[in-house]
Amino acid sequence: METGLHKKHVVLTGASGGIGTELTRLLLDEGANVTGSFYSSKRELAELLSQYPDQLSVVKTDIREEADVKGLFVRANDAFGRADVLVANAAIANLEEKPIHEMSLNQWTNTLSINLTGTFLSAKHFFSNLQEYPGEDASLILVGSTAGHFGEAWFADYATSKAALYGLLMSLKNEIVHLAPRGRVNLVNPGWTMTKMAEEALMDPEKVKRIHQTIPMRKTALPADIAHVILFLVSDYLSGHISGQAITVSGGMEGRVLYDLERSDDYKH
Ligand SMILES: NC(=O)c1ccc[n+]([C@@H]2O[C@H](COP(=O)([O-])OP(=O)(O)OC[C@H]3O[C@@H](n4cnc5c(N)ncnc54)[C@H](OP(=O)(O)O)[C@@H]3O)[C@@H](O)[C@H]2O)c1
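In this report, the structure presented in the accompanying data block is examined. (Residues numbered from 1 in each chain as written. Predicted model: local features only at pLDDT ≥ 70, side-chain atom pairs only at ≥ 80, totals over all residues.)

A word on the site of the ligand. Around the ligand, 32 residues are found, and the nearest of them are Gly14, Gly17, Ser40, Ala91 and Thr195. Only α1 (18-29), β2 (33-38) and α4 (105-132) provide two or more residues apiece to the shell around the ligand. With 3 residues, the single largest contributor to the shell around the ligand is α1. (Near = placed C-beta within 6 Å. Helix = DSSP H or I, 4+ residues; strand = E, 2+ residues; numbered from the N terminus.)

This part takes up the nonpolar core. Residues Val11, Val87, Leu140 and Ile230 are the most contacted members of the largest nonpolar core, which totals 61 residues. The element that contributes the greatest number of residues to this core is helix α10 (residues 223-234), accounting for 7 residues. Setting aside residues up to four positions removed in sequence, Val87 forms contacts with Val10, Leu12, Leu23, Ile141, Val143, Ile230 and Val234. (Core = buried A, V, L, I, M, F, W, Y, C linked by C-beta atoms within 7 Å. Buried ≥ 20, exposed ≤ 12 C-beta atoms within 10 Å, placed from the backbone. Contact = placed C-beta atoms within 7 Å.)

With that settled, consider helix α7 (residues 165-175). Helical geometry note: an α-helix holds 3.6 residues per turn, so side chains three or four residues apart project in the same direction. Taken as a whole, α7 has its buried residues at Leu165, Leu168 and Leu172. Seen from one end, α7 has its buried residues packed into an arc of 50°, which puts them on one side. Exposed and oriented more than 90 degrees from the buried face of α7 are Gly167 and Asn174. Buried residues along α7 sit against α4, β5 (139-143), α5 (146-150), α6 (156-163) and β6 (184-190). (Arc of directions from axis to C-beta.)

Further remarks concern the pairing of strand β1 (residues 9-12). Burial along β1 is two-sided: the residues His9 and Val11 and Val10 and Leu12 are all buried. Relative to β2, β1 runs parallel, the two sharing 4 bridges. Paired with Val11 across the two strands is Thr35, which belongs to β2. You can see the chain leave β1, run along α1 and come back into β2, and the turn it takes is right-handed. Direction of pairing for β1 relative to strand β4 (residues 85-88): parallel, over a ladder of 3 bridges. From the neighbouring strand, Leu12 faces β4, where its bridge partner is Val87. (Pairing = 2+ DSSP bridges. Right-handed = clockwise from strand over helix to strand, strands pointing away.)

Laid out in structure tokens, this is it:
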């Protein structure tokens, strides 16, 4: 199927993560140029770098730091010219359960500064870039989470950082068209996906049982399940009239299991 991605330039934050690496591979296979950011290690991208030396550029970036994010776009422009697409995918999740009355301000601030402020900085410098390099088309894809939709007890920092992306989605879809008349902004909300972010939880059979109780398809996602949907939104050929939409990729997940009545510690009221 034609995707029209040949020579499109996609900037992708968190290219070194599970979903990011899979998406990088799909984009490169379609002939796109990719500027991918990594933070702690580019090891996951080594194979793609040697396979696609002319299409892939990687840049160490801490998305909390405005100078780093600005530098990411300077490096992107030097490598492949105008950035046509930004996939704002980088994020963290602290997987230790923390009721809000035990959550440190430090944890709250750190999660928000990466997941929300980092996404703001990425979008800001992408939009500046669109102003600097005018063009008809542009696409911003935000990566949220089912946690932003359903909430997530004991992970309120993460859920809040992802819920806030709806504000960016609905605002920026109306701003982008002033810089690129066919510009689009969409949000992809993955559910549980087998990457290093979630693997510890997904190795715990009890946790997986509770997760599957909320999902009609009774399975968690692979990175490719999410990356294919993002690829669809990156492509103007495939989704050129879709903007302002949140697409949840979660096997039909419905909320959370709140109580397991077979567990005595869940049945104390
Ligand atoms: N996996 C799931 O179950 C799940 C569920 C819902 C939503 N999501 C969302 O899907 C997206 C991708 O996550 P993933 O599952 O692929 O997780 P992952 O494998 O842990 O990847 C996270 C990526 O974010 C990067 N990153 C972390 N801190 C950063 C910082 N300060 N500056 C720049 N980059 C930073 C990491 O870079 P390094 O690896 O180089 O440090 C990595 O590339 C995230 O937005 C996540 O919230 C995931």
